[in-house]
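Below, each chain spelled out in residue letters.
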Amino acid sequence: YGLSREHELKQLNAARRLGEKRRINVSPTLLAAHALAPEFARDADGYIDEVCANIIPAAVGVADAVDAFCENIAFTPAQTERVFRAARGCGLPVKLHAEQLSNQNGAALAARYGGLSADHLEYLDEAGIAAMKRAGMVAVMLPGAFYFLRDTHLPPIAQLREGGVPMALATDYNPGTSPLTSLLL
């Protein structure tokens, strides 16, 4: 994560250029609200202020969406809602990493803001499934993270199917929690 205006924009622009040069579909997504910048180590609200006031507005025209991480080890639902309000105010759609380690009702929060998708969802409940269905959100399953974190709480795949929520599968490729690039693996 870039975690500053300069570095987030640098990553978004690099992703956009990659799509142009390789003729592949790349949808740059702002991930500033996934981790706390070190200089804000004791001030998560201050960092969210920075994301909302400076980073999101600067990403307009470069990012296709804004994604946040709402979880007990990341940002609170209230902080996530501030990010969503700022993103939507700038005309950017939202996505969310939610319900990975606990149920913070993040998927339902994203649905209230017309979220495109919610990722992980191991702890998603029936209310979250219903909210995602109403909003037309996609549930993104990330089995690599589930496997590498040695989680034991399976996402509610059958309930998502029964609820009519479309699902997608992704690797969540990152060196910390999902170091694989193969969906087949």
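Here is what the cut-offs are and how they apply
- Per chain, the residues get numbers from 1 upward, laid out in the order the sequence is written.
- Predicted model: local features are reported for residues with pLDDT of at least 70 only, side-chain atom pairs are reported and counted for 80 or more only, and whole-chain, interface and lining totals are derived from all residues.
- By convention in this description, side-chain values take in all heavy atoms of the structure and omit both hydrogens and water.
- Just to be clear on terms, a salt bridge is a Lys or Arg side-chain nitrogen sitting within 4 Å of an Asp or Glu carboxyl oxygen.
- Runs of E in the DSSP output that reach at least two residues are strands. Runs of H or I that reach at least four are helices, and both are numbered from the N terminus.
- Relative accessibility decides the category of a residue: with a 1.4 Å probe and only protein chains considered, values under 20% of the type maximum give buried, values over 50% give exposed, and everything between is partly exposed.
- Here a strand pair is declared whenever DSSP counts at least two bridges between the two strands.
- Axis definition: a line fit to C-alpha positions, over the contact stretch in the case of helices; interaxial angles, taken between N-to-C directions, run 0 to 180 degrees.
- Contact criterion: two residues are considered in contact whenever any of their non-hydrogen atoms come within 4.5 Å of each other.
- Two rings from Phe, Tyr or Trp (for Trp, the six-membered ring) form a pair when their centres sit within 6.5 Å of each other. Planes less than 30 degrees apart are called stacked, planes more than 60 degrees apart edge-to-face, and all others tilted.

Undergrad: Which parts of the structure should I look at to understand the pattern of salt bridges?
TA: Once their charged atoms are close, side chains differing in charge can pair, the charge on each being opposite to the other. Counted under the stated rule, the structure contains 3 salt bridges. In this structure, the salt-bridge partner of Asp 64 is Arg 16, at a minimum N-O distance of 2.8 Å. Linking Asp 64 in the loop between α2 (44-59) and β2 (65-70) with Arg 16 in helix α1 (residues 5-22), this pair joins segments that are 48 residues apart in sequence. On the basis of relative accessibility, which here comes to 31%, the residue Asp 64 falls in the partly exposed class. Judged by its relative accessible area of 25%, Arg 16 falls in the partly exposed class. Among the salt bridges present, the one from Asp 49 reaches Arg 82, with a minimum N-O distance of 2.0 Å. In this pair, Asp 49 sits in helix α2 while Arg 82 sits in helix α3 (residues 77-89), placing the two residues 33 residues apart along the sequence. Accessibility expressed as a relative area gives 41% for Asp 49, which makes it partly exposed. One salt-bridge network, in which partners are shared between bridges, spans Asp 45, Asp 49 and Arg 82.

Undergrad: Would you mind showing me how to read the sheet that holds strand β1 (residues 29-33) here?
TA: Spatially, the 6 strands line up as an open sheet ordered β1-β2-β3-β4-β5-β6, and their pairing is parallel. For this open sheet the edge positions go to β1 and β6 (167-169), each flanked by a neighbour on one side alone. Each neighbouring strand pair of the sheet contributes to a mean axis angle of 25°, computed without reference to strand direction. The sheet contact formed by strand β3 (residues 94-98) and strand β4 (residues 117-120) spans 4 bridges and is parallel. Within β4, the position partnered with His 97 by the bridge is Asp 119. Lying on the sheet, α2 is in contact with β1 and β2; it crosses β1 at an angle near 160°.

Undergrad: Would you take a moment to explain the packing of aromatic side chains for this structure?
TA: The description of an aromatic ring pair rests on the distance of the ring centres and on the angle between the ring planes. Within the structure shown, the criterion is met by 4 aromatic pairs. For the ring pair Tyr 47 and Phe 75, a centre distance of 6.3 Å and an interplane angle of 20° mean the geometry is stacked. Placement of Tyr 47 in helix α2 and of Phe 75 in the loop between β2 and α3 is noted, with a sequence separation of 28 residues between them. Take Tyr 47: its relative accessible area is 0%, and that puts it in the buried class.

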